[in-house]
Amino acid sequence: MNFLEERIARDGVVKEGNVLKVDSFLNHQMDINLFDQMGEEFARRFAKKNINKILTIEASGIGIACVVARHFNVPVVFAKKAKSINIDGEVYVAEVESFTHKNKNQVIVSKSFLTENDHVLIIDDFLANGCALQGLISIVNQAGGTVEGIGIAIEKGFQVGGQMIRNLGYQLESLAIVDGMDAATGEVRFRN
Ligand code: 5GP
């Protein structure tokens with residue numbers, strides 16, 4: 001097991017409905033040394049890519065993205081959840097369905113902060129069905145930028161997102177891939 005898998009095995013809690021709770025170290029209380037290790041690992045895996053910007057989505061991607069960005073020395077832009085009423089022509093918009101909250105949000109990024117000159121690394125905490133990533137990819141495409149890679153902390157490999165994104169040809173690096181989990185026993189099974 002790698003450092004993140006070990007932490008999930010120790011502190012993750014399996015909930016009903018295929019939800020893994022990691023809020024003691026990843027998306028409520030945040031272990032910054034762990035995020036730093038994640039940044040180091042993403043920097044190694046994307047070493048060949050010329051990345052000048054990191055893109056994530058609020059809220060739980062932001063903390064990870066900021067610490068990861070220190071390893072690339074680039075700025076972070078996060079897609080904001082927005083009410084459609086406020087949307088003017090100055091933003092890129094994508095619709096994202098939340099896996100955890102089961103609602104749809106429009107997310108926006110200002111046209112000022114993403115352009116055709118950007119070579120983007122997308123970062124997020126979880127990959128489940130891939131809706132969040134599809135939204136972020138769409139925003140980079142609207143800007144005419146390039147998605148150089150996608151870095152995920154925890155991929156739930158038994159949901160469709162990972163395969164869908166890899167089939168599209170993106171370099172998707174997930175630091176932990178969960179292939180199964182059991183809410184009754186609390187067991188989490190990782191992909192080798
Ligand atoms: P997707 O869009 O890939 O279906 O879901 C990704 C988003 O849903 C992530 O940004 C994350 O916030 C949330 N998410 C999906 N699965 C889980 C889970 O098992 N646990 C937690 N804590 N969040 C999840």
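Residues numbered from 1 in each chain as written. Predicted model: local features only at pLDDT ≥ 70, side-chain atom pairs only at ≥ 80, totals over all residues. Heavy atoms only, no water.

Trainee: Would you mind showing me how to read unusual backbone geometry here?
Mentor: Most peptide bonds take the trans form, and the phi angle of most residues other than glycine is negative. Look at the link from Glu58 to Ala59: it is a cis peptide, with omega at 5°. Among the secondary structure elements, Ala59 is positioned in the loop between β3 (53-57) and α3 (60-72). For Asn18, which is not glycine, the phi dihedral falls at a positive 60°. Structurally, the position occupied by Asn18 is in the loop between β1 (13-15) and β2 (19-21). Even without glycine at this site, Asn73 takes up a positive phi of about 55°. Counting through the fold element by element, Asn73 comes out in the loop between α3 and β4 (76-82). (Helix = DSSP H or I, 4+ residues; strand = E, 2+ residues; numbered from the N terminus.)

Trainee: Quick question: what am I supposed to make of the sheet that holds β4 here?
Mentor: Strands in a sheet are paired, the pairing made by backbone hydrogen bonds, and the direction either parallel or antiparallel. Pairing is mixed in the open sheet, where eight strands are placed in the order β5-β6-β4-β3-β7-β8-β9-β10. What marks the edges here is a single partner per strand, and that holds for β5 (91-97) and β10 (188-190). The sheet shows a mean angle of 30° between the axes of neighbouring strands, direction not considered. Here β4 runs beside strand β6 (residues 104-110); their pairing, made up of three bridges, is antiparallel. Note on β6: the bridge partner recorded for Ala82 is Gln106. Taken strand by strand, helix α2 (residues 32-45) contacts β7 (119-127), β8 (146-156) and β9 (172-181), and its axis lies near 120° from that of β9. Contacting β3, β4 and β7, α3 runs over the sheet at an angle of about 170° to β3. (Pairing = 2+ DSSP bridges. Axes fitted to C-alpha atoms, helices over the stretch in contact; angles between N-to-C directions. Contact = heavy atoms within 4.5 Å.)

Distances and angles like these do not, on their own, reveal function.
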